[in-house]
Amino acid sequence: MSDNGILLDIKGLCVNFFTENGVAKAVQDVSFSVKKGETFALVGESGCGKSVTALSVMRLIADPPGKIVAGEIIFDGRNLLELSEHRMRSVRGNSIAMIFQEPMTSLNPVYTVGEQIVETIRLHQKKNEVEAWELATEMLRKVGISDPGQRITEYPHQMSGGMRQRVMIAMAISCEPELLIADEPTTALDVTIQAQILDLLDQLQGQSQMSVLLITHNLGIVAERARNVAVMYASRIAELSDCKSLFDKPLHPYTQGLLKSLPRLGFTGKRLYTIPGIVPEPLHFPAGCKFHPRCPIGCNNKRCQTVEPQLRSLDNGRAVACWFAPGYERPDDPK
Amino acid sequence: MNTNANTNGFLLKVDDLKTYFPVRKGLLRRTVGYVKAVDGVSLAVKPATSFGLVGESGCGKTTVARSILRLIPVTSGKVIFDNTDILAADSAHMRDIRAGITLVFQDPFGSLNPRMTVANIVGEPLKVHKKITGSELTEQVRLILSKVGLSADAINRYPHEFSGGQRQRIGIARALILKPKLVICDEPVSALDVSIQSQILNLLKDLQQEFSLTYLFIAHDLAVVQFTCDIVAVMYMGKIVEQATVSELYNNPLHPYTVALMAAIPKITVSTQASTHRLKGEIPSIFSPPPGCPFNPRCQFTGDNCFSQNPPLVPVAGNNEHLLACWHIKK
C-alpha cells in the first residue's frame, strides 16, 4: 500500500489485438486509479474496451492475438506487467479476484460448488481438506446462501442464476482479496436479484475494506453504487469523474448524450433523445476524436475531425477528453 | 378475413389462457404433473395501442406470446384476434392469421439467417404469404428498409455485415413488410447497447404512428415499457398480478411485487442511495409453486388468505382500469 491510499494504479495502458484484418487497438492510453475500499466503475457500451482493461489487470489477455503493448499496472506498489507468470499466479485469485457476467459458464458443471471453492482456497492458503471445507461453508453462509451445509454438495445446475452468482462471489472472496473485479456481475440476472447481489457486494465491502472495480454498461448501477467512474468510448476514457459530478454535470458530449437517451422511470415525453450513428469498431475507428461523427459539436468541427483530444485533468479534479469541454483547452493546442 | 377490428373495439382478446407443460418422469415417461407456465391470463388490446407485458425471466410472458400465435399447444382458454378464434382455426386459416401477427425478437444475431441476404430475409414473408416475386418484391423490400432507416445498398448484404442495432432494424422490417395488424415485440431492445436502444424505441413509436400498428410489447425493463406502452400488465409465475394504464401503474403501483420491482431498478440520481425496499428470496420453482398467492414467500404483508387462496385479478375500488390480484391491498 502506498501512502495516498491508492491500491491499483493503471498508467497509459494500451492493448492491441493482432488480427488477420489488421491491428485492433482495443485499449488506448487508459489511466485511472482505484483507492483502497472504494468502488470504481468502468462504464461503456459493448466493445469499448472495458472488459479488456479488466482482463489486463488479471493478465488474462489471450496472447496471441492480444498483447499489452504499453503501460503500467501498479498494484500494491508492484507493476503486475513485470511479474513472472509464476508470481502472477499467486496474485490472481488471491489478492485480486474476479467475477464474471455469466455465472453458469464460469462454474464447472461437473464439480460440486464445494469442490470448486475448496480448490481455490487450497491453491492459495495453507489449509488442509477439512479446514478448507469449513471455510467454504462459512463463505457460502457469508454470501447469504441458506443451508450452506447442504448447498455445498450440489452442482451448479441445481442452483438458480442468482445463487450461482453468490457462489462465484463466495469463491472470489474466500481468499480475502484486496481488489475484486466484477465484470457485469448482474447483467444476466433479473432486477430483483440484481439488487440483492449488489447489496451483498456492498455489505462484503463494508466488512473487509476490499476495493471493487465494477465493470458495467448500466449507468443506474454506477449512480447507485460507485464513488468514482470512468466512461469509456471506443478504447479510450472519455471522461473520469466522481459519480456525483458526472451525473449532475457530464462534461463529454458522449456522456451527455447517453444520460439524455436513457428511458427513465417517470419519463413521459413522446420521443427519446438519440445519439445518431453506431459505435465504431476498433478496426474502423474514425480519425480525430472517435466520437466526432456522432457528436453534435464535433461533427462539423475541423479540429475534432483531425486531432484526437487526450484525457486531461481539469482544475476541479475531473478529467475529460473533449476539445469543447469547459476548461479543457490550453493556449498551445492546435486550433 | 374480417377487416373491421372489433370484439368490443379490441383487436386482440385473450381470455383465461392456460398453457401447461407436462412434466414427465421415470422409465415410461409418465406425466407426473404440469408446469403452469401461463395460468389463466386474460388481456385485451385495442387497435393502434401498445400493451406491455412485464415480468422477470420465467414468469410466462414469452409463453403468452407463443400461445397467441399457437406456436406451442395451448391447454385451454380463448384467443380472439380480429374477430377470429385463433385456437379454433384450422391450419390453412392459421396461415392467414399469422400474416396479420408478426414477431420482433430479442436477439438480433440469432433471429436472422446468416446465409440469407437482407433482401431474402425481409422479402420472404411476402413470397410465402402474398406470392409476390421479382421486381415488385424488391421494390417493397426497398420501401420498408427505408422506413426502418436502412440505406438501399443494405439489400444485397448479409446479416454479419451489420451492427446489432441495424440487425434489429432488419428484423423490424421483416415483421412489418406484411403490413400486420399486431406486432409482438419480445424484448426488442434488451440485447442492444444503451445508445442504440433509444434509436430503436423511437423507431418503433414512429412506425406505430405511421402504420397504425398495435403492439404487444414484452419486456423486463419497466422504464422501456413506460416509454412505449399505454397499458401495462405485470406477470408473476404465470399470472397477471397487476394491470393498469401506464401513468396509473407508475404513479400508484399497488401490488407488493410491482412496488418491489420498481424499487429494484437502479436510478440515475446519486442523491438517493440504494433503496431499502428489497425483495427477499428468489422466484419459487414453477414445478412446485407455493399454495395460495404465488408471491407469498417473498411478500412483506401476508395474512391467512395469502397462504390458502390465490387472489383473483379484480378492479380496485374507484378505478375500473386498474386490476389487482392481492388479498392484502384489497382490505
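Residues numbered from 1 in each chain as written. Chains lettered and ligands numbered in written order. Predicted model: local features only at pLDDT ≥ 70, side-chain atom pairs only at ≥ 80, totals over all residues.

**Q** Explain the overall build of chain A to me, please; I cannot follow it from the model alone.
**A** Each helix and strand counted, chain A has eleven helices and twelve strands in total. A compact globule built from 335 residues would reach a C-alpha radius of gyration of about 20 Å, and chain A, at 21 Å, matches this within 12%. Summarising its shape, the C-alpha atoms of chain A cover approximately 70 × 50 × 45 Å along the three principal directions. Here chain A holds 335 residues, and 47% of them are scored as buried. Within chain A, residue pairs in contact and separated by at least 24 positions form 61% of the contacts whose partners lie at least 6 positions apart. (Helix = DSSP H or I, 4+ residues; strand = E, 2+ residues; numbered from the N terminus. Rg over C-alpha atoms; globule rule 2.2 N^0.38 Å. Buried ≥ 20, exposed ≤ 12 C-beta atoms within 10 Å, placed from the backbone. Contact = placed C-beta atoms within 7 Å.)

**Q** What is the right way to read the environment of B:Ile170 from this model?
**A** Residue and element names in this part refer to chain B. Structurally, Ile170 can be placed in helix H5 (residues 164-176). Residues Ile170 and Val148 lie 22 residues apart in sequence; the distance between their C-alpha atoms is 7.7 Å. Each residue touching Ile170, except ones within four places of it in the same chain, is listed here: Leu112, Val118, Ile121, Val122, Leu150, Pro159 and Phe162.

**Q** What should I look at first to understand the pairing of strand E1 (residues 12-25) of chain B in this one?
**A** A regular strand carries its side chains on alternate faces of the sheet. Residues and elements named next belong to chain B. Across five bridges, the pairing between E1 and strand E4 (residues 76-81) is antiparallel. Within E4, the residue paired with Lys13 across the bridge is Ile80. Summarising the sheet, E1 and strand E2 (residues 30-45) pair through twelve bridges and their orientation is antiparallel. Bridge assignment links Tyr20 to a residue of E2, and that residue is Lys36. (Pairing = 2+ DSSP bridges.)

**Q** Looking at this structure, how should I read the packing of helix H10 (residues 253-261) of chain A against helix H6 (residues 194-211) of chain B?
**A** Put simply, H10(A) and H6(B) touch, their axes get as near as 9 Å, and they point 45° apart. One way to sum up the angle between H10(A) and H6(B) is to call them oblique. Both H10(A) and H6(B) take part in a crossing whose hand is left-handed. Seen from H10(A), the contacting residues are A:Gly257, A:Leu258 and A:Ser261; seen from H6(B), they are B:Val194, B:Ser195 and B:Ser198. Here the contact of H10(A) with H6(B) is composed, by residue class, of two nonpolar, four polar and no charged. (Axes fitted to C-alpha atoms, helices over the stretch in contact; angles between N-to-C directions. Parallel < 35°, antiparallel > 145°, perpendicular 65-115°, else oblique. Left-handed = near helix turned anticlockwise from the far one by under 90°. Nonpolar A, V, L, I, M, F, W, Y, C, P; charged D, E, K, R; others polar.)

**Q** I tried to follow H5(B) on my own but got confused; where do I start?
**A** One full turn of an α-helix is made of 3.6 residues, so residues set three or four places apart face in the same direction. The first and last C-alpha atoms of H5(B) sit 18 Å apart over 13 residues, in line with the 18 Å expected at 1.5 Å per residue. The secondary structure elements touched by the buried residues of H5(B) are strand E6 (101-104), helix H3 (118-130), helix H4 (134-147), strand E7 (182-186) and H6 of chain B. (Expected span 1.5 Å × (residues − 1).)

**Q** Mind showing me how you'd approach helix H1 (residues 61-68) of chain B here?
**A** All names here are of chain B. Counting buried positions along H1 gives six out of eight residues, so the element sits mostly inside the fold. Along H1, the residues that are buried comprise Lys61, Thr63, Val64, Ala65, Ser67 and Ile68. Trailing H1 by a residue or two, Arg70 shows a phi angle of about 55°, which is positive.

**Q** Just to check I follow, could you spell out the nonpolar core for this structure?
**A** Counting residues in hydrophobic clusters, the biggest one holds 196 residues, and the most contacted among them are A:Leu213, B:Leu216 and B:Phe217. Ranked by residues supplied to this core, first place goes to helix H6 (residues 161-173) of chain A with eight residues. Summarising the domain contributions, this core has at least three residues from each of domain 1 (6-233) and domain 2 (261-320) of chain A. If we ignore the near neighbours within four places in the chain, the residues touching B:Phe217 are B:Ser50, B:Phe51, B:Gly52, B:Leu53, B:Cys185, B:Val225, B:Thr228 and B:Cys229. (Core = buried A, V, L, I, M, F, W, Y, C linked by C-beta atoms within 7 Å. Domains from an automatic or database assignment.)

**Q** What am I meant to see in the sheet that holds E2(B) here?
**A** Sheets are built from strands paired through backbone hydrogen bonds, the pairs being either parallel or antiparallel. Residue and element names in this part refer to chain B. Read from one edge of the open sheet, four strands run E2-E1-E4-E5, paired in antiparallel fashion. Each of the sheet's edge strands pairs with one partner strand only, and the pair in question is E2 and strand E5 (84-85). Taken together, the two bridges between E4 and E5 define a ladder with antiparallel strand orientation. Bridge pairing links Ile80 to Asp85 in E5.

**Q** What am I meant to see in the interface of chain A and chain B here?
**A** Many analyses report the size of an interface as the accessible area lost when the parts associate. At the interface, 38 residues of chain A touch 33 residues of chain B. Every element with two or more residues in the side of chain A that touches chain B is listed here: helix H7 (191-208), helix H8 (219-225), helix H9 (243-248) and H10 of chain A. With seven residues, H7(A) is the single largest residue contributor to the side of chain A that touches chain B.

**Q** How should the domain arrangement of chain A be read in this particular structure?
**A** Residue and element names in this part refer to chain A. When cut into domains, chain A gives domain 1 (6-233) and domain 2 (261-320). A separation of 29 Å is found between the C-alpha centroids of domain 1 and domain 2. Broken down by element, the side of domain 1 that touches domain 2 gets its largest block of residues, four residues, from strand E2 (residues 22-35). Tallied by class, the residues present in the side of domain 1 that touches domain 2 amount to four nonpolar, three polar and two charged.

**Q** Which parts of the structure should I look at to understand the sheet that holds strand E1 (residues 6-19) of chain A?
**A** All names here are of chain A. Pairing is antiparallel across the open sheet formed by four strands, whose spatial order is E2-E1-E4-E5. With partners counted over all chains shown, the strands left at the sheet margins are E2 and strand E5 (78-79), one partner each. Of the strand pairs in this sheet, strand E4 (residues 66-75) and E5 are connected by two bridges, and their pairing is antiparallel. Bridge assignment links Ile74 to a residue of E5, and that residue is Asn79.

**Q** Could you clarify how one ought to interpret the confidence of the model for chain B in this entry?
**A** Low pLDDT means the predicted coordinates in that region are not meant to be read closely. Residues and elements named next belong to chain B. Model confidence for chain B is summarised by a mean pLDDT of 88, while 95% of its residues fall at 70 or above. Across residues 1-6, confidence stays below pLDDT 50; counting only partners more than four residues off in sequence or on other chains, it has eleven contacts. At the level of chain-chain contacts, confidence expressed as ipTM amounts to 0.80, with global pTM at 0.85. (pLDDT = per-residue confidence, 0-100.)

**Q** Help me out: how do you make sense of the pairing of strand E10 (residues 239-245) of chain B in this one?
**A** Residue and element names in this part refer to chain B. Burial within E10 is extensive, with six of its seven residues counted as buried. One ladder, built from six bridges, connects strand E9 (residues 231-236) with E10; its direction is antiparallel. Pairing of Val232 across the sheet is with Ala244, part of E10. Taking the residues that link successive antiparallel strands as the turn, the E9-E10 hairpin has two residues, and the phi of Met237 there is positive, at about 50°. Bridge analysis of E10 against strand E12 (residues 319-324) gives two bridges, and the strand direction is antiparallel. Pairing of Gln243 across the sheet is with Leu323, part of E12.

**Q** Looking at this structure, I do not really get the environment of A:Thr137. What am I missing?
**A** All names here are of chain A. Inspection of the secondary structure puts Thr137 in helix H4 (residues 129-142). Residue Thr137 is classed as buried on the basis of its 20 C-beta neighbours within 10 Å. Sequence-wise, Thr137 and Arg151 are 14 residues apart; in three dimensions their C-alpha atoms are separated by 8.8 Å. Apart from residues no more than four positions distant in its own chain, Thr137 is found in contact with Pro148, Gly149 and Ile152.

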